[in-house]
Amino acid sequence: MQTIRQLVALRDALASFRAAGESIALVPTMGALHDGHMALVDAARRRANRVVVSIFVNPKQFGPNEDLARYPRREMQDSRMLAEAGADVLWMPSVEEMYPDGFVTAVSVGGISALLEGAHRAGHFDGVATVVAKLFGQVRPDVALFGEKDFQQLAVIRRMAADLDLGIEVVGVPTQRDDDGLALSSRNLYLDPDERQRAVALPRALGVAARTLEKGGAADEALAQARDMLAQAGFETDYIALVDAETLAEPEPGRPMRLLAAARIGNTRLIDNVAVLSA
Ligand code: PAF
């Protein structure tokens, strides 16, 4: 695996893949890799000849009071995991390489970015869309893979790729979970043992609410049930919402639905989501 930190070197490596007629998959990450990321790399290997993984903790997607400074950084361990998983290139630009002096452009995906996470994290999805647009421009992959755990992020990126005619296939990979059901996330590293035990209430609450809805229960009741379960476990809920799985707007009869939640336990904010099958 080549580890590359300069854009000129990245372009050379990619040019040699393209000259050999090889297809390229991109897995964008912020590092602190876990089995969820490895599932993205596996899926990428099945879809393209070459796999580029980026690690870049993107300052533009963190609000002023968020966890940019304490976001886990584990370069050596990440690099070992990616080499073992068969990634071809680790693209690890510095902040200066990604956003050189004079950088002023922002990508904003209207509508869908303002809901849910967007309503609680002002500017977050503009930061995500901007860096992903840059990564897409730098790597020009045939396919890019993102985890379904960040379900709204996936929807925002799909919208951006379609709106801008980027010609990149955006693939969502199912959430990987610990044995008790907690979605794998780099932010799980923040949880102390007691919080880690209680955190399982998040997937459980979503599961219980989804089953209530699938049996024909009213949305208000199902969401209140989930909110109660989260409160009992010591979570403060930012939102829990039943939405259309594609637009993330109000659900409409006959269309796929998704239940999304964000909740805080101690100093850690977790998100998760599940599919809801039609009743
Ligand atoms: O999901 C993430 O890790 C980040 O939001 C992403 C897509 C790498 C953009 O910084």
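Residues numbered from 1 in each chain as written. Predicted model: local features only at pLDDT ≥ 70, side-chain atom pairs only at ≥ 80, totals over all residues. Heavy atoms only, no water.

- Identification of the protein as Pantothenate synthetase from Sphingomonas desiccabilis is taken from an unreviewed UniProt entry.
- Looking at the protein in UniProt, the text filed under Function (unreviewed entry) is "Catalyzes the condensation of pantoate with beta-alanine in an ATP-dependent reaction via a pantoyl-adenylate intermediate."
- Quoted verbatim from the Pathway (unreviewed entry) field of UniProt, the annotation for the protein is "Cofactor biosynthesis; (R)-pantothenate biosynthesis; (R)-pantothenate from (R)-pantoate and beta-alanine: step 1/1." (UniProt positions renumbered as here; feature names shortened; annotations may be inferred.)

## Looking at the environment of Ala201
So, point 1. With respect to the element layout, Ala201 can be found in helix H9 (residues 201–214).
So, point 2. For Ala201, a relative accessible area of 10% corresponds to the buried category.
So, point 3. Taking the C-alpha atoms as reference, Ala201 lies 9.2 Å from Ala231; in sequence the two are 30 residues apart.
So, point 4. In contact with Ala201, not counting residues within four places along its chain, are Met229, Leu230, Ala233 and Phe235. (Helix = DSSP H or I, 4+ residues; strand = E, 2+ residues; numbered from the N terminus. Buried < 20%, exposed > 50% of the residue type's maximum accessible area, 1.4 Å probe, protein only. Contact = heavy atoms within 4.5 Å.)

## Some remarks on the site of the ligand
So, point 1. Taken together, Pro28, Thr29, Met30, Asn58, Gln61, Val131, Phe146 and Gln153 are the residues near the ligand.
So, point 2. With respect to the ligand, the side chain of Gln61 contributes an N or O atom lying 2.6 Å from an oxygen atom.
So, point 3. Measuring from an oxygen atom of the ligand, one finds a side-chain N or O atom of Gln153 at 2.6 Å.
So, point 4. Protein chains bury 88% of the 290 Å² of accessible surface belonging to the ligand in isolation.
So, point 5. Here the residues of the shell around the ligand are counted per class, giving four nonpolar, four polar and no charged. (Near = heavy atom within 4 Å. Polar contact = N/O pair within 3.5 Å; in protein donor to acceptor, adjacent residues only side chain to side chain. Areas by Shrake-Rupley, 256 points an atom, 1.4 Å probe, with all protein chains shown as cover. Nonpolar A, V, L, I, M, F, W, Y, C, P; charged D, E, K, R; others polar.)

## What to know about the pairing of strand S8 (residues 257–265)
So, point 1. With eight of nine residues buried, S8 is to be regarded as a mostly interior element.
So, point 2. Pairing of S8 with strand S9 (residues 268–276), which is carried by nine bridges, proceeds in the antiparallel orientation. Across the sheet, Ile265 pairs through a bridge with Thr268, a residue of S9.
So, point 3. Following S8, the chain reverses through two residues before pairing antiparallel with S9; Gly266 in that reversal takes a positive phi of roughly 60 degrees. (Pairing = 2+ DSSP bridges.)

## Comments concerning the sheet that holds strand S6 (residues 169–173)
So, point 1. Read from one edge to the other, the open sheet built from six strands follows the order S1-S4-S3-S2-S5-S6, with strand pairing classed as parallel. Two strands bound the open sheet, and with one partner strand each, they are strand S1 (2–4) and S6. Across this sheet, the average inter-strand angle for adjacent strands is 25 degrees, counted without regard to direction.
So, point 2. Across three bridges, the pairing between S1 and strand S4 (residues 89–91) is parallel. Across the sheet, the residue bridging to Thr3 is Leu90, located in S4. (Axes fitted to C-alpha atoms, helices over the stretch in contact; angles between N-to-C directions.)

## Points about helix H3 (residues 75–85)
In an α-helix there are 3.6 residues to a turn, and that puts residues three or four apart on one side.
So, point 1. Listed as buried for H3 are Asp78, Leu82 and Ala85. Mapping the buried residues of H3 onto a view down its axis gives an arc of 65 degrees, with all of them on the same face. Exposed residues lying more than 90 degrees from the buried face of H3 are Met76, Arg80 and Glu84.
So, point 2. Tucked inside the fold, the buried residues of H3 contact helix H2 (35–47), strand S3 (50–55) and S4. (Arc of directions from axis to C-beta.)

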